[in-house]
Amino acid sequence: MLTQAPRGTRDILPEEAGKWVFLENKFREICRRFSYKEIRTPVFEHTELFQRGVGETTDIVEKEMYTFLDKSGRSITLKPEGTAPTARAYIEHKLYTQTLPVKLFYIIPGFRYERPQAGRLREFHQFGIEAFGSESPHIDVEVMLLAVSFLKNLGLDDIKLHINSIGCETCRSDYVKALKDFLGESRQNLCDTCRSRLDRNPLRVLDCKNPDCQRTLKEAPAVLDFLCEKCKTHFETIKNDLSLLKIDYKVDPRIVRGLDYYTRTVFEIISDDLGAQSTVCGGGRYDNLVQECGGPTTPAAGFGMGIERLITILEKKNLLKIPEEKVDVYIAPLTEEYGNTALRLLYRFRENGISAETDYLKRSLKAQMKYADKIMAQFVVLIGEEEESSGFYTVKDLATGQQQKVAGDKIFEYISNNIRKGCGEVE
RNA sequence: GUGGAUAUAGUUCAGUUGGUUAGAACGCCAGAUUGUGGCUCUGGAGGUCGUGGGUUCGAGUCCCACUAUCCACCCCA
């Protein structure tokens, strides 16, 4: 227990960490191109934020939150998602007084108390963006496009964009009523969970995977047929934009999303390389959230993308090969006698921006050479009796095996002129 | 919260119908004529067999509980 990370959490060891930094840089870069600015919000928030923002009847709020009382009795919750906190910050700092739209991105950990499984952890991480202040369908498209371009840039060409519209409050309530009426008649054909969903949140019956439920749903009324004129036009524009931009997509009436704040557009990006949790990115429009949380009426749209899931996919496709960190020069004192000379040299290299390493384990020369090889040093500088008396260092290039003498004061110039670029650098 | 599978060295695994000092590969460390790496060879360290009970003359091997991991349901990133 003591020596084990809590269930559903993971350590990111040095080898992994390089991949994370690589992806974070890529994400920041695409956000820059779309002119989204980074925002960092706290790891925990007041519990009410999620109750109100995400929705009391959602699974997240009902059973998955890490909630506790702090020492003064306030109810605190580790954030289970990124949109509500971002909306809160947007309202708190009155970002709506700035020029609209306000476009933000974030890289956050999220926490949900669930049984871990493939692609699902209790602490997970996501990239996310939110665009506040525009109800233009072109913003919905921009949000999707940022995600799609990001994934395509990483080399993923077979991801699928699924879109749907669940309408605004007015057309949705008409639809929910119709759906309820329809499903009420065939209640006995539904699975147990769907029967309870029918009363609490009928839309969710739509994405039940139970074959009996799916069969029943075949005849069910479709959301898209209930959209009001405005919602219909909004959705049509999105589809036109996507075609115009030559982005493949599929209208999938089954996606409804499990968070209450969505209105109109919802979308998912699906990959076959994940297990049962096939969604790598999910998002949509949420025109009421900001107001619901006490801000001014503010239409908005955004997405969340699971970093662990993304890494899983990239790894399956062999698209995440990060070169190992290399060392420019290893300094090998033949014996402890030359330790001081080695130490001085070591720090002069480091001060000059050259990565340098030396022996800390009293290794023999042979063992030092092995070590230099293992840490992928490009050069080894040998310091022994010959060197001390002659004033020349012996420099060996480990890749070629060639060795030569370099005058003491020329060593820095020599090494920096001969470092092979592209080693250990991401991109 | 429910169901299924699994749990042996740092890692991936073997371990015969329960029977004496629990093995391999890779990794790690050290050597192979005295100032030199990668390949090869030799040797070495490292395991209270997830934890706790039980059955038995005897358990890594059988039974139970707990914990964790993996997979699925629910739901989501």
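Structure: above.
Residues numbered from 1 in each chain as written. Chains lettered and ligands numbered in written order. Predicted model: local features only at pLDDT ≥ 70, side-chain atom pairs only at ≥ 80, totals over all residues. Heavy atoms only, no water.

Novice: Lay out the layout of surface pockets with the relevant residues and their values.
Specialist: By volume, the second largest pocket amounts to about 360 Å³. Taken together, the elements giving at least two residues each to the lining of the second largest pocket come down to α1 (14–33), β6 (123–132) and α11 (307–316). Of all the elements, α11 adds the most residues to the lining of the second largest pocket, at five residues. For the lining of the second largest pocket, the class distribution of residues is six nonpolar, six polar and nine charged. (1 Å grid on protein atoms, 1.4 Å probe; cavity = no way out; pocket = protein on both sides within 12 Å on 5 of 7 lines; lining within 4 Å. Points joined across faces, edges and corners; volume = space filled by probe spheres on them. Helix = DSSP H or I, 4+ residues; strand = E, 2+ residues; numbered from the N terminus. Nonpolar A, V, L, I, M, F, W, Y, C, P; charged D, E, K, R; others polar.)

Novice: Give a description of unusual backbone geometry that names residues and reports values.
Specialist: Put simply, Leu-100 and Pro-101 share a cis peptide bond, and its omega is 0°. Tracing the backbone shows Pro-101 in the loop between α4 (83–92) and β5 (102–111). Its identity is not glycine, yet Ser-35 carries a phi of approximately 50°, on the positive side. Along the polypeptide, Ser-35 turns up in the loop between α1 and β1 (37–38). Notably, Met-376 is not glycine yet its phi reads approximately 60°, a positive angle. Looking at the secondary structure, you find Met-376 in the loop between α13 (365–374) and β14 (377–383).

Novice: Lay out the pattern of salt bridges in plain terms, naming residues and giving numbers.
Specialist: Between side chains of opposite charge, a pair can form when the charged atoms approach closely. This model, assessed by the stated rule, comprises 22 salt bridges. Note that Glu-315 and Lys-19 form a salt bridge whose closest N and O atoms lie 2.6 Å from each other. Linking Glu-315 in helix α11 with Lys-19 in helix α1, this pair joins segments that are 296 residues apart in sequence. The buried category is assigned to Lys-19, whose relative accessible area is 12%. Of the charged contacts in the structure, one is a salt bridge between Glu-29 and Arg-33, with a shortest N-O distance of 3.3 Å. Taken together, the residues span about one helical turn, with Glu-29 and Arg-33 both in helix α1 at a distance of four residues. Arg-33 sits in the exposed class, given a relative accessible area of 52%. Three or more residues are tied together by salt bridges with common partners; here these are Glu-16, Lys-19 and Glu-315. (Salt bridge = Lys/Arg side-chain N within 4 Å of Asp/Glu carboxyl O. Buried < 20%, exposed > 50% of the residue type's maximum accessible area, 1.4 Å probe, protein only.)

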